[in-house]
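Fold and contact review
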Amino acid sequence: MSVPTQYGIFPFYEAFYIDSMLLNTQSAIASWERVSECLRMLDSGAHEDVQMGCATEEILDSLQNLIARAAALSRYFWPVRDGINQEHKRRGKQLCQAFSVTDKSPLKDRELRNCMEHFDERLDHYLSKLIIGRITPSYVGNTPELSEVPQHVFRAYFVDIGTFSILGSCYKIQPIVDEISRLHGILLQCNTEGCRLPRGGSHA
C-alpha cells in the first residue's frame, strides 16, 4: 500500500521530517555558538599560541559543519531530483510553503550545496593546479591586505566581513545563521504542538 499521491508528505509522517530537520538545525546552531565562544576567547588575548591555534581549528571546523548542515537543510526544500512520482518535488514545495522559505533564502545557494556534496571532487580540482605563492592552511582574522605575493588559504574566517572561505568559495555566515535560527524556532514549536508542519506559511 502506498501513500496517496495527492500528498507531498502524508500527515501522519510529518513528525519524521520535523525531527530530521531539527537534527540539522541543532547541530548548526551548536556550531555557531562554539564559534562565538572561541572568538570571545581569542579577543581576550589571554591565550598561548598553541591554544590560539587550537581555537582557530575549532572555529573553522565548526563553520564547516554549519555550512554542511545548511546544505543538508537545503535539500529538504529544493530536492536534487523530482522523484519517480514527483514525490520529492511535492515534498519540497510543501516544506517551502509551510516554513515560508522562498528562492531568496541563503539556503538555496547552489554553490553552497555543491561545495559540501562534492567536497572530495572540489578538493581534487583545487589541488590539481600548480599553487604558487603563500599557502595558509587555516586562518581566522581580518581580511589580509593585498600583496604582490599570491596568497592561498585552504580554510579561513574573515572576522571583519563575517565570511567563511573554503577551497576558494566564500559564504556570508550571518544570513545563513539567521535563516537556520528562524527555522529552528519554528521546528521546536512544531515539535511541541502535535508534531505537525505549520499551516498557512506565515513564518516570515
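Our subject is the structure listed above.
One structure accompanies this document, and this report is about it.

Reading the values: the criteria
Residues numbered from 1 in each chain as written. Predicted model: local features only at pLDDT ≥ 70, side-chain atom pairs only at ≥ 80, totals over all residues. Heavy atoms only, no water. Buried < 20%, exposed > 50% of the residue type's maximum accessible area, 1.4 Å probe, protein only. Helix = DSSP H or I, 4+ residues; strand = E, 2+ residues; numbered from the N terminus. Pairing = 2+ DSSP bridges. Core = buried A, V, L, I, M, F, W, Y, C linked by side-chain atoms within 4.5 Å. Contact = heavy atoms within 4.5 Å. Axes fitted to C-alpha atoms, helices over the stretch in contact; angles between N-to-C directions.

Side chains Thr163 and Ser165 of strand β3 (residues 163-166) all project onto a buried face; the interleaved residues Phe164 and Ile166 project onto the opposite face, where all are buried too. If you look at the hairpin formed by strand β2 (residues 151-158) and β3, you'll find 4 residues sitting between the two strands, and Gly162 has a positive phi there, around 60 degrees. Pairing between β3 and strand β4 (residues 169-172): 4 bridges, direction antiparallel. Bridge pairing in β4 links Phe164 to Tyr171. Hairpin connection between β3 and β4: a loop of 2 residues separates the two successive antiparallel strands, and Leu167 in this loop has a positive phi of roughly 55 degrees.

Membership of the largest hydrophobic core comes to 49 residues, with the highest contact counts inside it found for Ile59, Phe77, Phe99, Tyr157, Phe164, Ile176 and Ile180. Listing elements by their share of this core, those giving two or more residues are α1 (14-44), α2 (49-77), α3 (87-98), α4 (110-117), β3 and α6 (173-192). Here this core gets 12 residues from one element, more than from any other, and that element is α2. Residues within four places of Ile180 in sequence aside, it is in contact with Thr25, Ala28, Ile29, Leu66, Ala70, Leu73 and Leu107.

To continue, consider the sheet that holds β3. Pairing in this open sheet of 4 strands is mixed, and the strands run β1-β2-β3-β4 from one edge to the other. A strand with exactly one partner marks an edge of an open sheet, and here the two such strands are β1 (134-141) and β4. When strand polarity is set aside, the average angle formed by the axes of neighbouring strands in this sheet is 20 degrees. With 7 bridges joining them, β1 and β2 adopt parallel strand pairing. Looking across to β2, one finds that Val140 is bridged to Tyr157.

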